[in-house]
Each structure stands twice: as C-alpha cells, then as structure tokens.
Amino acid sequence: MRLSSRKGEIMNSTNKSNKRSRTVKGIITSIATREGAGFAVRRPFPTQSLSLVDPFLLLDHMEPVTLAPGAAKGAPDHPHRGFETVTYMLEGHFVHKDSAGNSGTIGPGDVQWMTAGQGVVHSEMPDEELLDNGGRLHGFQIWVNLPAKDKMMPPRYQDIPSANIPIYESADRKVWVKVIAGKSMDKEAVIDTRTPITFLHVRLQPGASLSQPIPPQYNAFAYVVEGKGYFGKETLPASTDQLVLFGNDAEDVFLQASDYEPLSVLILAGLPLDEPVARYGPFVMNTQNEIVQALKDYQSGRMGVIN
Ligand code: FE2
C-alpha cells in the first residue's frame, strides 16, 4: 500500500479545504445508550444508520460526567474474541483485570490497546476512588476488527501511559495532535497495530485548521468530542457527539474550528479489511459457525476466568 509522504499541514483561519481534501459522505449523530453494568455512552456506530466503518466496529463515548459517590459503573467480567478493544481516557481512572493474569489502571490521557484474539475474559471498572468518592469520568472505547488470519491469535496488551504518547504542538499553540496510532506531522505513534490504523486526538483553538493526509484507500472519520467545526472539502458543520464520515475520493482529512470556540476531535482511519463480519455481542468473527464456536468456548471456560 502507498503511505502518504506528506506529514500534515496547518492552516490559518483564512485558508479553507483544498482540492486534496476528502468530501463528506455523511454526518451521523450519536445515540444515547447504556453499556456494561449500565454506564451511559453516546454511540455513533453501530446504529441503525451506520453499522461499521471497516475496520472499526464500534465507538462508545463515555461523555464527561461528574459522578456522585457510589454512582460509577463499569463492565464486570465479560469475554471478547476476534477483535481489539481500545480504551482512551480523558478524565477518571479505570481498572482492568483479565483471565490472562493482566491488570492495570488507566487514567487521563492513557491508552489501552487490547487484542482479544482467540479470547479473554476481562473486567473494566472505575477505580476505588471513583467508586467510593465519585468524581469526573470521560473516555472512549473503540473496537477495531482483526483480519481473519489474526482472529485466533494469542491475546496481547499494550498499555501506553499518556507521557509516552507523542504529541505535536504548533509554535503558536493553536494546533495540538496526540498521535495514538499512525503518524501526524513529524510524530509517529509508539503503538503497534495489526493492520494500518491512524488514531489522532486533535485539539484546535478557535479558527485554526488542520489538513491531515490519510492514504485514500483508508476509510476515515472524525468524531467531535467537544465544540463545533467545519469538515471536509465542503467545510460542512458538525458539533459535539457527531461523526463525520469522509469519502475515499482524496487524501486529506480537513477540519477547522469555528472562530468562537476550541474544537476537540478524534480522527480514526484504517485500511478496510473487506471481509465478512459476523458479530454477536462481544464476539466478532467472519461466519455464524465461528460465533457458535466462540459461545461454546466461552461457556466451557476456554477463554479463562479472572482470578
Ligand atoms: Fe470489554
């Protein structure tokens, strides 16, 4: 595949999208739903209007909330097989434990990239402090599909503390890019992905813009974490909790903050797998038979238990 040689361009507010900018294929508003033991999330997909953005299967936004003591909820012991879960925290701490004996805490700015592969049972819970005393919580979980050849690979974990994640900041401090996967500007991510993925957290000050080159064969979208911005060749508006799906008609993902408020956006892009997707709850395989096998393996304890 051809990787872009251009590293990204920053523009001031008078510049607009250019002929290398991707068009906007759709703008999807998240639905409000509940996950795990009942914590509230905003979900742009999978929904009625968008089932997946190959290779991405799900995006859950745990919206910023201040929780009362005892109100925090998580996702107690549950299995996964056939894909990867990526957790990115902005506020609060989550504790993770799994059947492979791994455990850890992720806090503000940290990323956990878990490759479930053939299967794990894990729990994702608020830490004791948040459970007992309440506090702020804000984060994301993204599911990344694995190609058929990797679906039964051994599980693996990449826990990346915020301090180890490269950040680009423009000299005028109007453009900030955290490079979680892939490349932006002169920064390259430390994480290892199974298939080519770009995952950036971009913060733009009012009026600032960014043209991020992404190979045209990658599917790409932007998710507005907070603020209002203008996206794509058409500079279409989108705001908090909306997903902007880009076409594969050009290279650059263009975004610009409004003149009045900062913009916080996740950019996700990846080479599509173009394989059949059979999904049932926490299992994502290629065929129904493989889903039935996953259920059997889980029920018979072959994905392990958390000690
Ligand atoms: Fe999970």
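What counts and how
Along every chain, residues carry numbers that run from 1 in the direction the sequence is written. Reporting of local features is limited, given that this is a predicted model, to residues whose pLDDT is at least 70; pairs of side-chain atoms are given and counted only at 80 or more, and all residues count toward the totals for whole chains, interfaces and linings. Derived side-chain values reflect all non-hydrogen atoms in the structure, with water molecules and hydrogen atoms excluded from consideration. Each pair of strands is called paired provided DSSP finds at least two bridges between the two strands. Labels follow the DSSP assignment, with helices taken as runs of H or I lasting at least four residues and strands as runs of E lasting at least two, numbered in each case from the N terminus. Axis lines are fitted through C-alpha atoms, for helices just across the contact stretch, and the angle between N-to-C directions can take any value from 0 to 180 degrees. Working definition: with a 1.4 Å probe on protein chains only, accessible area under 20% of the residue-type maximum means buried, over 50% means exposed, and in between means partly exposed. One side-chain nitrogen of Lys or Arg within 4 Å of one carboxyl oxygen of Asp or Glu is enough to make a salt bridge. What makes two residues a contact is simply this: any of their non-hydrogen atoms within 4.5 Å. The rule for donors is simple: N, O or S, within 2.8 Å of the metal, or within 3.2 Å if the metal is Na, K or Ca. Water isn't counted, so a site may look like it is missing partners. Tetrahedral means four donors with every angle between 85 and 135 degrees, whereas square planar (four donors) and octahedral (six donors) require angles over 155 degrees between opposite donors and between 65 and 115 for all others; sites fitting neither are termed irregular.

Q: Just to check I follow, could you spell out the sheet that holds strand β9 (residues 103-106) for this structure?
A: Across a sheet, strands are paired by hydrogen bonds formed along the backbone, either parallel or antiparallel in direction. Reading across from one edge, β6-β11-β8-β9 is the order of the four strands in this open sheet, with antiparallel pairing throughout. Two strands in the sheet have a free side with no partner beyond their single neighbour: β6 (75-80) and β9. Sheet twist, expressed as the average angle between the axes of neighbouring strands with direction ignored, equals 20 degrees. Of the strand pairs in this sheet, strand β8 (residues 94-98) and β9 are connected by four bridges, and their pairing is antiparallel. Bridging from a neighbouring strand, His96 pairs with Gly104 of β9.

Q: I tried to follow the pairing of strand β18 (residues 197-204) on my own but got confused; where do I start?
A: Across a regular strand the side chains alternate sides, sitting on one face of the sheet and then on the other. Of all eight residues in β18, seven are buried; the element is thus mostly enclosed. Strand direction decides the pairing type here: strand β15 (residues 175-181) and β18, joined by six bridges, are antiparallel. Of the residues in β18, the one forming a bridge with Lys178 is His201. Where β18 and strand β25 (residues 263-270) come together, eight bridges link them in antiparallel fashion.

Q: Explain the pattern of salt bridges here, please?
A: Charged atoms that come close allow side chains of opposite charge to pair. Scanning the entire structure with this criterion turns up 10 salt bridges. For Asp297, the salt bridge is made with Arg81, and the minimal N-O distance between the two is 2.9 Å. Of the two residues, Asp297 is situated in helix α2 (residues 288-299) and Arg81 in the loop between β6 and β7 (83-91); the sequence distance between them amounts to 216 residues. Considered together, Asp297 and Arg81 belong to a single accessibility category, that of buried residues. The closest approach of N and O atoms between Asp150 and Lys149, which form a salt bridge, is 3.4 Å.

Q: Sorry, what's going on with the environment of Ile191 here?
A: With respect to the helices and strands, the residue Ile191 is situated in the loop between β17 (187-188) and β18. The sequence separation of Ile191 and Arg156 amounts to 35 residues, and the corresponding C-alpha distance is 12 Å. Setting aside chain neighbours within four positions, we find Ile191 in contact with Val111, Trp113, Gln158, Ile160, Ile180 and Ala181.

Q: Would you take a moment to explain the coordination of the iron ion for this structure?
A: When four donors bind a metal tetrahedrally, each ideal donor-metal-donor angle is 109.5 degrees, and when six bind octahedrally, the ideal angles are 90 or 180 degrees. Protein-derived ligands of the iron ion are His78 (NE2), His80 (NE2), His122 (NE2) and Glu124 (OE), with the metal-ligand distances lying across 2.1 to 2.3 Å. Seen from the iron ion, its four donor atoms lie at angles of 83 to 179 degrees, and the figure they make is irregular. Written as a sequence motif, the donor arrangement for the iron ion is H-x1-H-x41-H-x1-E. Taken together, the residues span a long stretch of sequence, with His78 in strand β6 and His122 in strand β11 (residues 120-126) at a distance of 44 residues. Under the relative-accessibility criterion, His78 is labelled buried at 17%.

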